[in-house]
Amino acid sequence: MAVVNHPLVAASLAILRSKTTASADFRRALQEVSVLLLGHASSAWETVPHEVETPLKTCMGEILARPLVLVPILRAGLGMLDGMLALLPHATIGHIGVYRDEKTLRPVTYFCRLPATISEAQVVLVDPMLATGNSACEAVGLLKSSGATRIQFICLVACPPGLERLRSQHPDIDIITAAIDPELNEMGYIVPGLGDAGDRYFGTT
Ligand code: URA
């Protein structure tokens, strides 16, 4: 579990938190901070030695040991994808859609499409907000049922209830966040948070 302490992450987060930030600036800041968070997550990835020939001489380099699969949780997770793809253009993309049943308050999966390579891949699950933790737990369960064994979860803002749920149900998952906010309100919003990340990214408020 890591809270990424970096001046550029902090500056993007302040833009994302401000209620006066317009959709276009929100999109840009979310994409930028996503690259930085992915940069942090990727420092744990394994590499293997690889011989390269420079114009002058052969030398040893490194390549990533595993294929990469990025999995946004719909809808807000899509907001983190474009920035990450700029860093990892060869990554394969899976999608998981989860909504909360109004009566049972339980997460319900309405879409799940994951690549066949998932069992050997380094998998990065993304969602800007780790609120109750229900969607993240459901999504990690789906990834594991599909054979994924190396899973990181990247979010922008987490809160204690979501972290506790995800860490107790899936203690093997590496969680990377830009901030841990103190509260989850009765509506399921993180406080102070940044509001509804999906609405702000897609301009649907
Ligand atoms: N989802 C959001 O978009 N924002 C929150 O604060 C919590 C869940």
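Criteria and thresholds
Residues numbered from 1 in each chain as written. Predicted model: local features only at pLDDT ≥ 70, side-chain atom pairs only at ≥ 80, totals over all residues. Heavy atoms only, no water. Buried < 20%, exposed > 50% of the residue type's maximum accessible area, 1.4 Å probe, protein only. Helix = DSSP H or I, 4+ residues; strand = E, 2+ residues; numbered from the N terminus. Contact = heavy atoms within 4.5 Å. Near = heavy atom within 4 Å. Polar contact = N/O pair within 3.5 Å; in protein donor to acceptor, adjacent residues only side chain to side chain. Areas by Shrake-Rupley, 256 points an atom, 1.4 Å probe, with all protein chains shown as cover. Nonpolar A, V, L, I, M, F, W, Y, C, P; charged D, E, K, R; others polar. Pairing = 2+ DSSP bridges. Core = buried A, V, L, I, M, F, W, Y, C linked by side-chain atoms within 4.5 Å. Expected span 1.5 Å × (residues − 1). Axes fitted to C-alpha atoms, helices over the stretch in contact; angles between N-to-C directions. Parallel < 35°, antiparallel > 145°, perpendicular 65-115°, else oblique. Left-handed = near helix turned anticlockwise from the far one by under 90°. Phe/Tyr/Trp six-rings, centres within 6.5 Å; stacked < 30°, edge-to-face > 60°. Lys NZ or Arg CZ within 6 Å of the ring centre and 35° of its normal. Disulfide = S-S within 2.5 Å.

Below, the discussion takes up helix 3 (residues 78-87). Those residues of helix 3 not exposed but buried are Gly79, Met80, Leu81, Gly83 and Met84. Lining the buried residues of helix 3 we find helix 2 (23-42), strand 4 (68-74), strand 5 (92-93), strand 8 (122-126), strand 10 (150-154) and helix 6 (197-202).

The immediate surroundings of the ligand are formed by Met129, Ala131, Gly188, Tyr189, Ile190, Gly195, Asp196 and Ala197. A distance of 2.8 Å separates an oxygen atom of the ligand from a polar atom in the backbone of Ile190. When the ligand sits alone it has 240 Å² of accessible area, and the protein chains cover 83% of it. Classifying every residue of the shell around the ligand gives 5 nonpolar, 2 polar and 1 charged.

Ordered in space as 9-11-13, the 3 strands form an open sheet in which the pairing is parallel. Here the strands that pair on one side only, and so sit at the sheet edges, are strand 9 (129-130) and strand 13 (179-180). Pairing analysis gives 2 bridges linking strand 9 to strand 11 (residues 157-158), with the strands arranged parallel. Note on strand 11: the bridge partner recorded for Met129 is Val157.

The next subject is the nonpolar core. Within the largest apolar cluster, 35 residues are counted, with the highest numbers of intra-cluster contacts made by Leu16, Leu30, Leu37, Ile154, Leu156 and Leu194. Per-element accounting of this core gives the leading share, 7 residues, to helix 2. If we skip the residues at most four places from it in the chain, Leu194 touches Leu16, Arg17, Phe26, Met129, Leu156, Val157 and Arg200. If you look at the next biggest cluster of nonpolar residues, it comprises 24 residues, including Val71, Ala136, Ala148 and Ile151.

The terminal C-alpha atoms of helix 4 (residues 134-145), which comprises 12 residues, lie 17 Å apart, in line with the 16 Å expected from a rise of 1.5 Å per residue. Within helix 4 the residues assigned to the buried category are Asn134, Ala136, Cys137, Ala139, Val140 and Leu143. After helix 4 finishes, the residue Gly147 shows a positive phi value of roughly 110°.

Where helix 1 (residues 7-17) contacts helix 2, the axes come no closer than 9 Å and their chain directions differ by 150°. By the angle between their axes, helix 1 is roughly antiparallel relative to helix 2. The element helix 1 and its partner helix 2 pack so that their crossing is left-handed. Across from Leu8, Val9, Ser12, Ile15 and Leu16 in helix 1, the residues of helix 2 making contact are Asp25, Phe26, Ala29, Leu30, Glu32, Val33 and Leu36. Broken down by class, the residue content of the contact of helix 1 with helix 2 amounts to 9 nonpolar, 1 polar and 2 charged.

Further remarks concern the packing of aromatic side chains. Two aromatic rings, taken as a pair, are described by how far apart their centres are and by the angle between their planes. In the structure shown here, the tally under the stated rule is 2 aromatic pairs. Look at Tyr99 and Tyr110: their rings are 6.2 Å apart centre to centre, the planes differ by 40°, and that puts the pair in the tilted class. Note that Tyr99 is positioned in strand 6 (residues 95-100) and Tyr110 in strand 7 (residues 107-113), a separation of 11 residues in sequence. Taking the relative accessible area as the measure of exposure, Tyr99 reaches 42% and is therefore partly exposed. The class of Tyr110 is partly exposed, set by a relative accessible area of 46%. When the centroid spacing of 5.1 Å and the interplanar angle of 80° are considered together, the rings of Tyr201 and Phe202 count as edge-to-face. For Tyr201, a relative accessible area of 7% translates into the label buried. For the cation-ring pair, Arg27 lies above Tyr201, with the distance from its terminal atom to the ring centre recorded as 5.8 Å.

By definition, a disulfide is the covalent link that joins the sulfur atoms of two cysteine residues. For the structure shown, the criterion picks out 0 disulfides. Counting only cysteine sulfurs, Cys137 is the nearest neighbor of Cys112, a cysteine outside any disulfide, at a range of 15 Å. Unpaired in terms of disulfides, Cys137 finds its nearest cysteine sulfur in Cys159, a separation of 12 Å. Overall, Cys137 belongs to the buried group, its relative accessible area being 6%.

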